[in-house]
Amino acid sequence: MTADHWNEPSGAPETVTRDVLIVGGGPAGLSAAERLAAAGLTVTLVDEQPELGGQYYRRPAPAVAERWGDHRPEGGALVERVRAAGAECRTRHTVWGVDDDGRTLLAVDGEGRPVRLRGRYLIIATGAYERVLPFPGWQLPGVATPGFAQHLAASEHTPIGERVLVAGSGPFLLPVACSLVDLGVTVVGVAEAGTPYRPRPAALGALRHPARLRELAGYVTRLARARVPIWQGHSVVRAEGTDRVSSVTVAAVGDPAAARTFLVDALCVGYGFRPQTDLARMLGCDVRTDAVTGDATPVTDPRGRTSRPGVYVIGEAAGIGGAPTARARGLLAAFDILIREGRPPARRDLLRAGAALRGLARFTELTGRLFPSPARLTSSLVPPLPGDTMICRCEAVTAREIRAVAGEAEVPAPVDVNAVKARTRAGMGPCQGRECGVAVAALVRSVAGRTTDANVFPARTPIRPIPLRALLATETTPETTPKTTPGASPDALGPATPQEERP
Ligand SMILES: Cc1cc2nc3c(=O)[nH]c(=O)nc-3n(C[C@H](O)[C@@H](O)[C@H](O)COP(=O)(O)OP(=O)(O)OC[C@H]3O[C@@H](n4cnc5c(N)ncnc54)[C@H](O)[C@@H]3O)c2cc1C
């Protein structure tokens, strides 16, 4: 919550009731909205950003679009189709919690006014977070994530620095390095913690995806032309600088002695993405821990159905797979709702969408085999971190402090990560542990004899900072006229999981 908003007007409270309520206007949410609105259902799509598009279809700033063009015009076209189909699009609307009834979403608009959102169906399409792992010096200005560098490049045509090192793991690192090269940046190297590009039998599966192979060859060729080395099996050991990062040391994973230091003015480090599941967890949808990634992932079927009837989780919020997978998941969820509403799509469309999702899933599986498992990377990179490494950047909590609390005899095993949070303040800052939660859990597990039953901190209200007045006004919000289709079938949302059982 933000105290500086205390005196701002919260305005007239409002309750929005629709056939379908979609949170997240990225490829997944937009694809679902287009089909559902075109079929005549009342649809409201909310997104906290000023423009729809999500991460992949992020709209360039108008001045950038005018001068440099739109890097993904198909995204703009999709947004136009969603609006033309009649979906109500509410940007600058941040969903921050779930009401006690377990089904009404609590949001705040761009002016700080509270808005309550209800749908006979709820679709959660909130996307992903970047996976970050701490290292000494990661709190320095100039250290960012590859996704942030890509945003600056795509929407602002602005390089994150002049001499940049890109590091971490995952297929996203190479396109980010290419975007930087295209902006004239000196990319000193790409440090990939795994060895995905080394020839081996598992890589033969890539031959079944020629378009992806061509894309990869394109990145590698562009980087080779710009003389950007790709160091496989290497990760960042530390970043140094006074008022901002000025050098970064990279070493072979597991062999810090063989280290090299590079002068930089920016460093981008990320280990791929992980699903953003706070809302799904607060709605009481079942989640499971993914064995490969270690992430809490909502249990969904290919149509996006969750354990709660009428609640769907789609796109990267349901599992990482890239923008085409996010779109396919959005489409399948829309088709499922249309079938339930007695407005089935053409059988041909249904079969095509199912086949597309299966094909994309095969590529995602292959990627998972070629790149190191995020769970393994976390447990190899985090435990050896020096004691003075800042783990929670918001609250300045070090690895030493977390180990000390986790190791105390009176803290019972399995260690509750919330107990560590309460004692150290790790995870209590504005990001609510989204950045450090994975590392805190890994550190707890690294303390002799300690285990933890959670891989991240549980989702807590509010999931985003909100004005205090919006919180107070939520108590008194009157019901306003619902807008659902005439003769609509009864509420698809099943009974809410009791509040006390919701995480
Ligand atoms: C920082 C970042 C940068 C990325 N850049 C790229 C890229 O350049 N190229 C690429 O191929 N992939 C990129 N990805 C991966 C990306 O997630 C795509 O695969 C794709 O955009 C996923 O689509 P989606 O619809 O599932 O989610 P997204 O596109 O992420 O859309 C989710 C939307 O939900 C909104 N949202 C989330 N929580 C709330 C809330 N509480 N209230 C209201 N709105 C909310 C967000 O504002 C966002 O617009 C990036 C991911 C991240 C996290």
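Residue positions within a chain follow its written sequence, with the count starting from 1. Confidence filtering applies because this is a predicted model: local features only for residues at pLDDT of at least 70, side-chain atom pairs given and counted only at 80 or more, and all residues used for totals across whole chains, interfaces and linings. Here the side-chain values reflect all heavy atoms present in the structure, with hydrogen atoms and water set aside.

A. Here's a closer look at the overall build of the chain. The numbering of helices and of strands both runs from the N terminus, where a helix is a DSSP run of H or I of at least 4 residues and a strand a run of E of at least 2. Counting its secondary structure elements, the chain contains 14 helices and 21 strands. Its C-alpha atoms give the chain a radius of gyration of 23 Å, within 12% of the compact-globule value 23 Å for 503 residues. Along the first, second and third principal axes, the C-alpha atoms of the chain reach 70 × 55 × 45 Å. Per-residue accessibility, obtained with a 1.4 Å probe over protein chains only, is compared with the maximum for each type, and a residue is labelled buried under 20%, exposed over 50%, and partly exposed between these values. Relative to its full complement of 503 residues, the chain shows a buried share of 52%. We call two residues in contact when some of their heavy atoms are within 4.5 Å. The contacts of the chain with a sequence gap of at least 6 include a subset with a gap of at least 24, amounting to 68%. Note that the radius of gyration is over C-alpha atoms, with the globule rule given as 2.2 Å times the number of residues to the power 0.38.

B. The arrangement of the UniProt feature "domain: BFD-like [2Fe-2S]-binding" (unreviewed entry) in the chain in detail. UniProt positions are given in the numbering used here, feature names are shortened, and annotations may be inferred rather than shown by experiment. In the UniProt entry, the feature "domain: BFD-like [2Fe-2S]-binding" (unreviewed entry) is given for residues 390–444. Secondary structure content for residues 390–444 is 45% helix and 9% strand, and the end C-alpha separation is 15 Å.

C. Fine view of the pattern of salt bridges. The term salt bridge refers to a side-chain nitrogen of Lys or Arg lying within 4 Å of a carboxyl oxygen of Asp or Glu. Using the criterion set out here, one finds 23 salt bridges in the structure. One salt bridge connects Asp99 with Arg116, and the closest N-O pair in it is separated by 2.6 Å. Of this pair, Asp99 sits in the loop between strand S4 (94–98) and strand S5 (105–108) while Arg116 sits in strand S6 (residues 114–124); the two residues are 17 residues apart in sequence, bridging distant segments of the chain. Taking relative accessible area as the criterion, Asp99 reaches 17% and is therefore assigned buried. Between Arg423 and Glu408 there is a salt bridge, with the nearest N and O atoms lying 2.5 Å from each other. One end of the pair, Arg423, is in helix H12 (residues 417–424); the other, Glu408, is in the loop between helix H11 (399–407) and H12, and 15 residues separate them in sequence. Its relative accessible area of 22% is what places Glu408 among the partly exposed residues. Through salt bridges with shared partners, one network takes in Glu14, Arg18, Glu88 and Arg90.

D. Summary view of the sheet that holds strand S8 (residues 143–144). The pairing criterion for strands is at least two bridges between them, as found by DSSP. Overall, parallel pairing links the five strands, which are arranged S8-S15-S9-S10-S11 in an open sheet. Each edge of the open sheet carries a strand with a single partner, namely S8 and strand S11 (230–232). Pairing geometry for strand S9 (residues 163–168) and strand S10 (residues 186–192), over six bridges, is parallel. Bridging across to S10, Val166 finds its partner in Val190. On top of the sheet, helix H4 (residues 146–156) reaches S8, S9 and strand S15 (266–270); it is set at about 120° to S15, its chief contact. Lines fitted to C-alpha atoms define the axes, with helix axes restricted to the stretch in contact, and inter-axis angles between N-to-C directions lie between 0 and 180 degrees.

E. Quick look at the nonpolar core. Take the buried Ala, Val, Leu, Ile, Met, Phe, Trp, Tyr and Cys residues and link them wherever side-chain atoms come within 4.5 Å; each set so joined is a nonpolar core. One finds Leu165, Leu267, Ile391 and Ile402 to be the most contacted residues of the largest nonpolar core, which totals 50 residues. At seven residues, helix H13 (residues 437–446) tops the list of elements feeding residues into this core. For Ile391, the residues in contact, after removing those within four places along its chain, are Pro134, Trp138, Leu385, Val397, Thr398, Ala399, Ile402, Cys436, Ala439, Val440 and Leu443. Counting residues in each nonpolar core, the second largest holds 29 residues, with Leu41, Leu45, Val82 and Cys89 among its members.

F. Broad picture of H13. Of all ten residues making up H13, eight are buried, and the element is well covered by its neighbours. The set of residues buried in H13 consists of Gly437, Val438, Ala439, Val440, Ala441, Ala442, Leu443 and Val444. Of the surrounding elements, those touching the buried residues of H13 are strand S16 (273–275), helix H10 (374–381), strand S20 (390–392), H11 and H12.

G. How the structure looks around the packing of aromatic side chains. For Phe, Tyr and Trp, rings pair up if their centres lie within 6.5 Å, where Trp contributes its six-membered ring, and each pair is then called stacked (planes under 30 degrees apart), edge-to-face (over 60) or tilted (otherwise). Across all of its chains, the model carries five aromatic pairs by this definition. Aromatic side chains Tyr56 and Tyr57 sit 5.2 Å apart centroid to centroid with 65° between the ring planes, which places their arrangement in the edge-to-face category. Judged by centre distance (6.5 Å) and plane angle (55°), the rings of Tyr121 and Tyr312 are tilted. A residue pair is termed long-range when its members are at least 10 positions apart, and Tyr121 in strand S6 and Tyr312 in strand S19 (residues 311–313) qualify at 191 residues. The burial state of Tyr121 is the same as that of Tyr312; both residues are buried. Only lysine NZ and arginine CZ atoms are considered, and such an atom sits over a ring when it is within 6 Å of the ring centre and within 35 degrees of the ring normal. Stacked on the ring of Tyr56, the Lys or Arg Arg72 has its end atom at 3.8 Å from the ring centre. The ring centre of Phe457 lies 5.2 Å from the NZ or CZ of Lys421, which sits over that ring.

H. Inspection of the environment of Thr94 at higher detail. Mapped onto the elements of the fold, Thr94 is located in strand S4. As for Thr94 and Gly110, which are separated by 16 residues in sequence, their C-alpha atoms are 8.1 Å apart. Setting aside residues up to four positions removed in sequence, Thr94 forms contacts with Glu48, Leu106, Ala107, Val108 and Arg464.

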